[in-house]
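The residues making up each chain are set out below.
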Amino acid sequence: MRVRYLPLLATMTVFAALFVTGGVFYKHFFTTLVLGHILADNAFIIIAAIGTTFVILSGGIDLSIGSMIGFVGVVMANLDAAGWHPLASAALMLAFGLAYGAFQGFVIDFCKVQPFIITLAGLFLLRGACFMVNIDSVPLRHPFVDAFADLYIPFPTGGFLTSSAMVMLAALAAAVVIAHFTRFGAKVYAIGGDPASAELMGVPARRTIVSVYALGGFYSALGGVIYALYTSSGYPLAGTGNELSAIAAVVLGGTLLSGGVGLVAGTLFGGMILGLISTLINFNGSLNSAWIMISGGALLFVFIVIQKLLVSSFGLGRAS
Amino acid sequence: MTSDQPPRVELVGISKAFAGVPALDRVDFTLHPGEVHALLGENGAGKSTLIKIMTGALAADAGEMRLDGRAVAVGSTAEARALGISTVYQEVNLVPTLSVARNVTLGREPRRFGLISWRAAREKARARLKRLSLEIDVERALGSFPVAVQQLVAIARALEEDSRVLVLDEPTASLDAQETRLLFRILRDLKAQGMAVVFISHFLDQVYEISDRISVLRNGRLVGSAATAALPQRELITLMLGRELERVEQRAAAAPKAAGAPVLAAEKLGRRRWIEPFDLVLRAGEAIGLAGLLGSGRTETAKLIFGAVRADSGRLTLDGAPLGHASPRRALRRGIAFCPEDRKAEGLVLDLSVRENILLALQTKRGWLRPLPRDEQRRLAEAMIEALGIATSDAEKPVGQLSGGNQQKVVLARALASKPRVLVLDEPTRGIDVGAHAEIVALVRRLCAEGLALLVASSELDEIVAVSDRVAVLRDRRIVGEIAGAEITRETIIELIAGG
Amino acid sequence: MSVNQTIEVAPAPRTLGTRLRGLAGHRAVWPLLALALILAVNGLVSPGFFSIRVVEGRFFGSTIDILYRAMPTAMVALGMAVVIGSKGIDLSVGAIIAICGATIAWRIHAGDPHVVVLLWALGAGLLCGLWNGALVALLGIQPIVATLVLMVSGRGIGLMINLIYGGTNPSFESPFLQSLSVGHVGLIPTRLLLGAASFAALWLLLRRTALGLFIEAVGGNARAADLAGIGSRLVTYSAYLISGLTAGWAGVILTADTHISDPVSQGLYIELDAILAVVIGGGSLAGGRIHLGMTVIGTLIIQALATLILTSGVPPEYNLVVKAVVVLAVLLLQSDDARAALTRRNRARGSLGGGSPGGGSPGGGSPKGGRRR
C-alpha cells in the first residue's frame, strides 16, 4: 500500500461506513436505487469538483464554480427560449468556461495576486451576470432535455445509472487520464508541490497555471450544463455556495489544499460522501439541514487533521 | 589540463547586478572537459549567481559565454539543458511531494500512444539511479527520503545521456562520509568519460580530494584561479578570507585588557548535527570573535548562545545562574541581543518603518501592554539614526527602501535599543560598502569599551582581527582553538583553520 | 522576496511637507478619491443626496443611510483587516454572525436579562475566534483551510442552536438590543455611535498598546519577529480572537435589526465584502500592515456604490458585477508585481541588446522567489 493512497482509502472507508450505517438504520437504504440517486443528484457538483481538484493540486483555489453553474444554466435557458438546441448552447458554454478559466489563470499569474481574491471577483462577476441575464427561473423546453433525463442504464436490483451520472463518470475518466497519464498532469502536480523547484526543473509556470484554471472553468461549466439539463431550468441563484461543497469534496477526497498531493478519483468519493450525508439526513425525518452543514464541517476538520498527521509522519508533503 | 581542444565552457567578463547591487563584476571562468573545477567563496561571493548564469536561470548584464569555443546565448534552464549543461542546485530543487520516478522524469516522461507510460518511467528512473549505485523504491514520495538520497536523485535527474557539463552546488553539504565517497567515485567515473564538472563546496578537504582546479570568488570578483596541486591550503584560505580592511586601522592596544567579570558562560553547550559542545565565556567589556570558514559553525554558535535555537546538551549561565531553556524572548528580557546574518529573512520586517523596526526588541522586552510612548519612540529612533549614522530621509520610511548597509545598521540599532549587556553579532558587515564597514567596526569597538560583552561572528578575517580581544576559531563545527591579545593575527587564525 | 525594494531609492522630491507619511499617504489618496467620485456621481443622480433632514427626531438622508448600512460590514472588515495584517484570512465571519444571531434568540427565549444576552453573543463570537486561532496558531493549518471549517459548519451550528428550543427561524423582541441596532441617541443613530466607539476601542487596542505593531511584524516577517522575541503564535492567535469578536458584534447589530435568527441567510457573503473592503482600502493580502481607517473607507466605497446602483435606476442585480469589476481594477492598479513584471520585461529586453549571453529568461529575475502563497 502506497502512502499516497492512504487518504483515498480513508475516504472510501468513510463512504462505505456511512453507507452501511444507513443500511443498518433504514430500510431500503442499502440498495442500488439509493446509490443511483446519490450519483444522479450529485453528478454536477462532482463534475465541478473534479475541475477544482486540478486547481487545488496546482496549489490554487477557484471560488467561481457556483456562479459558473448558475450562469451556464441561465444562459442555456435563455438560448433555449431563443430556439437553440441544448447541445449547441452547451458547447458554447463549455467554450466560455474554458476561456473564462483561462482569463482567471492569466490574471492570477500576471498580477501574482492570490487566486483566492481573483476567483472571488470571478464569483461576483458571474453571479451578477446571472442576474443581468434574467432574475427568474426559466425552463428549458427543448425535447432533447426530456430525452436526456429519460436516458438511463438500469441496475440489476432496481437502481439505475442516469445520463448525468454517465457524463460525470466519463468526465472523471478523462480527468484521471489527464492528471495521471499526460505531461500536463505531471506538471500540475509538480507546480503544486513546489512552484520554485518546478520552474527550475523546466515547468513553464504561466502556461501551466493558465491551463489549470481553464480546465477548472471547463469542468465547472460542464457541471452547469448537467445541472441545467437535470433540473431542466436556468435559475440565477442556482449553484450558490457550491464552490464550498466542491472544495469540501476535493478535501474529503484526500487532496491536500496546499497542493501537489491527491488523486482525482478521490474527489468522486468525497462528493459521494457529501451526497450520502444529506441523503442519510433526509432519510431521518427528524434531522435537518443543520446536520448536513455541521457534519460536512466536522468531516472537513477531521480530514484536515488527518492530512496534517500524514504529512508530518510520512513526509507526504514538503520536507521543510 | 587538455590544451589541444577548446575549453568546454568559457565565461568572459560576466557581470550581474541585482537592483543596482553588483553580484558579479567582470568574472572569467574556464572549464575544461574531463576536469573537476572547484568554485570557492564565502556566502554572497557570487558563486550561485555565476552558476545560475551558466545554467540559464539568470541572464547576465554583460559578458559572453562560449561552449566548445562557440559563443552561445543561454536564455533558460531548458536551453541550457538542451546544450548539455546539467545542474544540481544547492538546496535540493526537486518536488518533495512527487515520487522519485516522477522527479527524475518530470517533463521528459516516456510516452506510449501520447500517454505517459509510468512503467517505462519507473524503469528509466531505476536505470538512472543504478548508475549512481542507488536502489530505492522509486514510487515513494521524494520528501520521505533522507536528504542525502534526495541529493543523489537530483544528480540522477540532472545526468542525461548527453550531458557534457555537470554543475554541483554544495552537493556534499548533507552527505555523510560514506555517501561522499560514493559521490566522488561517481564523479571520477564521469570525469574519465570526459564530463566537465563544476564543484562548489566549502569543505576544503573534499575540494583537495576531488578537484583539478580551484577558482575563488570574493565579493563578486574572481580573486584567484590555479591548479589544485599548485595551491597550498594556506594560500587558498588567504584568498578566500580577503584583505578588504587593510586600510582600517589595526587595534590600538594589542595588550589584552583587564577582562571584566564573566557575564554569559556556555558550558558544554551543543546541539547534534549543528555544533559540537563547546565552552565559551563572555566578559563585560570584551569582544570575542568567532572565526572560521563558511560552514564551520560560526552562525550556529551565535544562534545557540542567543537561544534562537535550542541546545540539546550543556547549559548557559548568566552571572553564574543557569538560564533555563532558551528562547529569543527570554534572552532579550535577560539583556542578550542578537543581530542575525540574513537581514531580509531573519532580521527586518521590510514593510515596517525604520522607527518600528528599531523599536521591536525593546518593545518585546517591555511587553505588549506597556507600549513605548510615541514621543519616546521618535526620540529613540532619531537618536539611533544619528548615533549609527543611518542614512534615511526620516524615521517613517519603510526599512525595505534603505540600502543594505543602512538596513544592517537598523538591525544593530534594534539590538542596541533593547539596552543589552550581551550583544551577539552574526556577520555585522555582510554585503555593505567599505565606508559603512569601517563605521560599524568602529562602533563595535566603542560599544565594547562601554562595557558591553560582545560576540562577533564574521567571515572577514581582518574584521575579526580588528575588533576582537579574544578569538575562538571554528573548523568543521567545532571550536578548535582560542587565542587572545597579541596572538590575534591573520596568520595565527589561518594556521588554526588550516588545521595546524 | 522583494529584491527590488532594497535598492537605495532616489530620494523622492519632498517639496510637499515631510509629514506626508510616504507610502501610507499614497495609499490613502486613491480610495478617498474613489469614494469622493462615487459620492459625487450619487449627488448628480439623485439631487437630494447630500441633504440631511431631521425626521421623527433623528437625522435622515442618503449619506446617513450609507453609514448606517455600512456599519455591520465595517465591523467585520475591521476584524478582517487585523487578521489579514497577520498574514491570515478569516472566511468564517459570516458563519460567526449566524451563530451569534442564534445565540441571541436562544438566550432571549431562555429568559436571560438582555444585557447578559449581549454578553452571550459576544462570547459566542470570541469562542469562534478561539477555535479559528487554535487551528491556525496551534495546529499550524493554513488560514484559508482552517477558517473554511467553521465557514462550512457554522451556519449549521446556528440552526442547531435554534433547534435546541424548537424553532427554525425564531423571532424575538428585545427593546434593549433593538435600541442598539435601530435606535438613536438624540439625532444620531445608535449604531453609528457604537461603530465609532468600537473603532476607537480597536484603534486603542492596536495602537495604544504594542499589539498592532506585533501583529504587523508577525504578518510581515514571522521569522524576524520570532527572533526579535515576539511570540508569533500568540500574536497570530490574538488576531483571530479580535476577528471573532468584531464579527460577533456585527452579528448583534444585524440580528437585532431583523429581530429574527436566520442562520442560513444572515450575513451571507459578508466575508467577501469584508475582504474586499480591506483590499480596496489598500491593505495587501500578503499581510504586514493594518489600515483601520482605510478599511472603513473601503466599506463605505462598497456601500456607496451599492446605493448608487440602487438610486441610479440600474437594476440592483448589477451590484455584484460592478463590485467585481471594481475589485479587479483595484487589484490591477495595486499589484506591484504586475508593474514589476512590466519593468522586468523591459529590462530583460534591454540587456539583449548588449550581446550578453541569454536574453530574458522566462523565470524572470528571481527563479527562487516564492510565487504564490
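Treat the numbers as computed from the prediction; the structure is a model and nothing was measured. (Residues numbered from 1 in each chain as written. Chains lettered and ligands numbered in written order. Predicted model: local features only at pLDDT ≥ 70, side-chain atom pairs only at ≥ 80, totals over all residues. Heavy atoms only, no water.)

Now for the overall build of chain C. What chain C contains, in helices and strands, is 14 helices and four strands. Counting the 373 residues in chain C, one finds 54% classified as buried. The long-range share in chain C, meaning contacts at least 24 apart out of those at least 6 apart in sequence, stands at 74%. If you sum the accessible surface of chain C, you get close to 15600 Å²; carbon and sulfur atoms cover 69% of it. (Helix = DSSP H or I, 4+ residues; strand = E, 2+ residues; numbered from the N terminus. Buried < 20%, exposed > 50% of the residue type's maximum accessible area, 1.4 Å probe, protein only. Contact = heavy atoms within 4.5 Å. Areas by Shrake-Rupley, 256 points an atom, 1.4 Å probe, with all protein chains shown as cover.)

With that out of the way, let us pick up the side chain of C:S174. Residue and element names in this part refer to chain C. In this fold, S174 is placed in the loop between α5 (143-164) and α6 (175-182). Judged by its relative accessible area of 0%, S174 falls in the buried class. For S174, the side chain forms a polar contact with the main-chain nitrogen of L177, separated by 3.2 Å. Aside from chain neighbours lying at most four places away, what touches S174 is I108 and H114. (Polar contact = N/O pair within 3.5 Å; in protein donor to acceptor, adjacent residues only side chain to side chain.)

Residue and element names in this part refer to chain C. Here chain C shows a mean pLDDT of 82. Residues at 70 or above account for 82%. Within the model, pLDDT remains below 50 along residues 1-25, and this stretch shows 25 contacts once partners closer than five positions in the same chain are excluded. The low-confidence segment residues 346-373, where pLDDT is below 50, has 66 contacts with residues more than four positions distant or belonging to other chains. Among the scores for the predicted complex, ipTM is 0.83 and pTM is 0.82. (pLDDT = per-residue confidence, 0-100.)

To continue, consider the sheet that holds strand β12 (residues 221-227) of chain B. All names here are of chain B. Read across the sheet, six strands follow the order β6-β9-β10-β3-β11-β12 without closing on themselves; strand pairing throughout is mixed. The sheet is open, and its two edges are formed by β6 (85-88) and β12, each paired on a single side. The sheet shows a mean angle of 15° between the axes of neighbouring strands, taken without regard to direction. As judged from the six bridges shared by strand β11 (residues 213-218) and β12, these two strands associate in the antiparallel manner. Across the sheet, residue R213 finds its bridge partner in β12, namely A227. On top of the sheet, helix α5 (residues 147-158) reaches β6 and β9 (165-169); it is set at about 170° to β6, its chief contact. (Pairing = 2+ DSSP bridges. Axes fitted to C-alpha atoms, helices over the stretch in contact; angles between N-to-C directions.)

Below, the discussion takes up the interface of chain A and chain C. Counting residues at the interface gives 53 residues for chain A, matched by 53 residues for chain C. In this assembly, chain A packs against chain C so that about 4700 Å² is buried in total across both faces, 77% of it on carbon and sulfur atoms. Among the residues of chain A in contact with chain C, A:F116, A:F124 and A:M293 are the three that bury the most area, contributing 14% of the side total. The interface formed by chain A and chain C holds zero salt bridges in total. One can count one residue pair in polar contact (both at pLDDT 80 or more) joining chain A with chain C. When contributions to the side of chain A that touches chain C are tallied by element, the ones reaching two or more residues are α4 (86-111), α5 (115-133), α9 (195-200), α10 (205-231), α11 (242-252) and α13 (289-314) of chain A. (Buried area = accessible area lost by both parts, 1.4 Å probe. Salt bridge = Lys/Arg side-chain N within 4 Å of Asp/Glu carboxyl O.)

All names here are of chain B. Each assigned domain of chain B is listed with its residue range as follows: domain 1 (9-243) and domain 2 (249-498). Computed from C-alpha coordinates alone, the two centres of domain 1 and domain 2 are separated by 34 Å. Every contact between the two is made by 17 residues of domain 1 and, on the other side, 18 residues of domain 2. Taking both partners together, domain 1 and domain 2 bury about 1500 Å²; carbon and sulfur atoms supply 52% of that area. It is E42, N43 and L241 that lose the most area in domain 1 upon contact with domain 2, and together they represent 37% of the buried surface on that side. Where domain 1 packs against domain 2, one counts one salt bridge. Taken together, domain 1 and domain 2 are joined by one residue pair in polar contact (both at pLDDT 80 or more). Counting residues per element, the ones that place at least two in the side of domain 1 that touches domain 2 are α7 (204-210) and α8 (233-241). Ranked by residue count, the leading element in the side of domain 1 that touches domain 2 is α8, at six residues. (Domains from an automatic or database assignment.)

Residue and element names in this part refer to chain C. By the secondary structure assignment, V117 is in helix α4 (residues 114-138). Note: C-alpha distance between V117 and A105 (12 residues apart in sequence) is 8.7 Å. When sequence neighbours within four positions are dropped, the list of residues in contact with V117 reads I104, R107, I108, D112 and L177.

A few words now on the nonpolar core. Ranked by size, the top nonpolar core spans 304 residues in total, and within it A:I117, B:L187, B:L423 and B:I493 carry the most contacts. Looking at this core element by element, the count peaks at 15 residues for helix α2 (residues 32-57) of chain A. Each of domain 1 (9-243) and domain 2 (249-498) of chain B accounts for three or more of the residues forming this core. Those residues in contact with B:L423 that lie beyond four places of it in its chain are B:A337, B:F338, B:L412, B:A415, B:L416, B:L447, B:L452, B:A453, B:L454 and B:L455. Judged by nonpolar contacts, the second largest core, of 29 residues, contains B:A266, B:F278, B:A302 and B:L316. (Core = buried A, V, L, I, M, F, W, Y, C linked by side-chain atoms within 4.5 Å.)

In this section: the pattern of salt bridges. Using the criterion set out here, one finds 33 salt bridges over all chains in the structure. With a closest N to O distance of 3.4 Å, B:D162 and B:R81 form a salt bridge. With B:D162 in the loop between α5 and β9 and B:R81 in helix α2 (residues 77-82), this pair connects stretches of sequence that are 81 residues apart. On the basis of relative accessible area, B:D162 is assigned to the partly exposed category, the value being 44%. Taken together, the shared-partner salt bridges connect B:E356, C:R207, C:E216 and C:R289 into one network.

Going through the model one piece at a time under the given rule, you end up with 16 aromatic pairs over all chains. On the numbers, 6.2 Å between centres and 35° between planes, the contact of A:F144 with A:F148 is tilted. Here the residue A:F144 and the residue A:F148 both occupy positions in helix α6 (residues 143-150), the gap between them amounting to four residues, near one helical turn. What makes A:F144 partly exposed here is its relative accessible area of 24%. Ring pairing ties together the aromatic residues A:F71, A:F96, A:Y100 and A:F103, which thus form one cluster. When the ring centre of B:F145 is taken as reference, the NZ or CZ atom of B:R140 above it lies at 4.3 Å. When the ring centre of A:F124 is taken as origin, the NZ or CZ atom of C:K323, which lies over that ring, is 5.3 Å away. (Phe/Tyr/Trp six-rings, centres within 6.5 Å; stacked < 30°, edge-to-face > 60°. Lys NZ or Arg CZ within 6 Å of the ring centre and 35° of its normal.)

A surface patch of nonpolar side chains, amounting to about 380 Å² of accessible area, comprises C:V54, C:V185, C:L187, C:I188 and C:L193. For C:L187, the position within the fold is in the loop between β3 (184-185) and β4 (188-189). (Patch = residues over 30% accessible without salt bridge, like charges linked within 9 Å, V, L, I, M, F, W, Y side chains within 5 Å.)

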